[in-house]
Amino acid sequence: MMYAKLRAIETHRDVARSANTGISCFINQRGDVTQSTKWWTRTALKANINLNDEITFYVKSGDIIAKFLSLTAILLALIIPFRKWIRKPGHA
């Protein structure tokens, strides 16, 4: 259910989650659970779902932020030892 809340937020869409033995629920675009069931209960839920055709930045670009930060971390990991190795003599 936590992943469904995350997907609702990053795609900015309502989610209707149906689980055979877990928690079925409706999640709005902000990630708030509007209705839910308990574990191992047989029941039915009914709610209105807001339709949204807006595409969010995350849906358009995917994990570009994570890729950029990973590349930055790799570059820093390579630059820091290289700078120590090339220090000028007499500046110890």
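Here is what the cut-offs are and how they apply
- Residues numbered from 1 in each chain as written.
- Predicted model: local features only at pLDDT ≥ 70, side-chain atom pairs only at ≥ 80, totals over all residues.
- Heavy atoms only, no water.
- Pairing = 2+ DSSP bridges.
- Helix = DSSP H or I, 4+ residues; strand = E, 2+ residues; numbered from the N terminus.
- Salt bridge = Lys/Arg side-chain N within 4 Å of Asp/Glu carboxyl O.
- Buried < 20%, exposed > 50% of the residue type's maximum accessible area, 1.4 Å probe, protein only.
- Core = buried A, V, L, I, M, F, W, Y, C linked by side-chain atoms within 4.5 Å.
- Contact = heavy atoms within 4.5 Å.

### Quick notes on the pairing of strand E3 (residues 33-36)
And then number 1: In this structure, strand E2 (residues 25-27) lies alongside E3, joined through three bridges in antiparallel fashion. Opposite Ile27, over in E3, you have Val33 as the bridge partner.
And then number 2: Hairpin connection of E2 to E3: five residues between the antiparallel strands, including Gly31 at a positive phi of 95°.

### Here's the deal with the pattern of salt bridges
And then number 1: This structure, assessed with the given rule, holds two salt bridges.
And then number 2: Residues Glu10 and Arg7 are paired through a salt bridge, measuring 2.3 Å at the closest nitrogen-oxygen approach. Within this pair, Glu10 and its partner Arg7 are both found in helix H1 (residues 2-11), separated by three residues, close to a single helical turn.
And then number 3: Taking relative accessible area as the criterion, Arg7 reaches 40% and is therefore assigned partly exposed.
And then number 4: Measuring nitrogen to oxygen at the nearest pair gives 2.5 Å for the salt bridge that ties Asp32 to Arg30.
And then number 5: Assessed through its relative accessible area of 63%, Arg30 is described here as exposed.

### Regarding the nonpolar core
And then number 1: Formed by Ala4, Ala8, Val15, Cys25 and Ile27, the largest nonpolar core amounts to five residues.
And then number 2: Once residues within four sequence positions are removed from consideration, Ala8 is found in contact with Arg13, Val15, Ile27, Asn28 and Gln29.

### Topic: H1
And then number 1: Considered for burial, the residues of H1 that qualify are Ala4, Ala8 and Glu10.
And then number 2: Lining the buried residues of H1 we find strand E1 (15-17), E2 and helix H2 (57-61).
And then number 3: Following H1 by one or two positions, His12 has its phi on the positive side, about 55°.

### Focus on the environment of Thr37
And then number 1: Along the polypeptide, Thr37 turns up in the loop between E3 and H2.
And then number 2: Residues Thr37 and Phe26, spaced 11 residues apart in sequence, show a C-alpha to C-alpha distance of 9.7 Å.
And then number 3: Beyond its immediate chain neighbours, meaning those up to four positions away, Thr37 contacts Gly22, Ile23, Ser24, Thr43 and Leu45.

### Thoughts on the environment of Tyr3
And then number 1: Secondary-structure assignment places Tyr3 in helix H1.
And then number 2: For the pair Tyr3 and Gly31, spaced 28 residues apart in sequence, the C-alpha separation works out to 10.0 Å.

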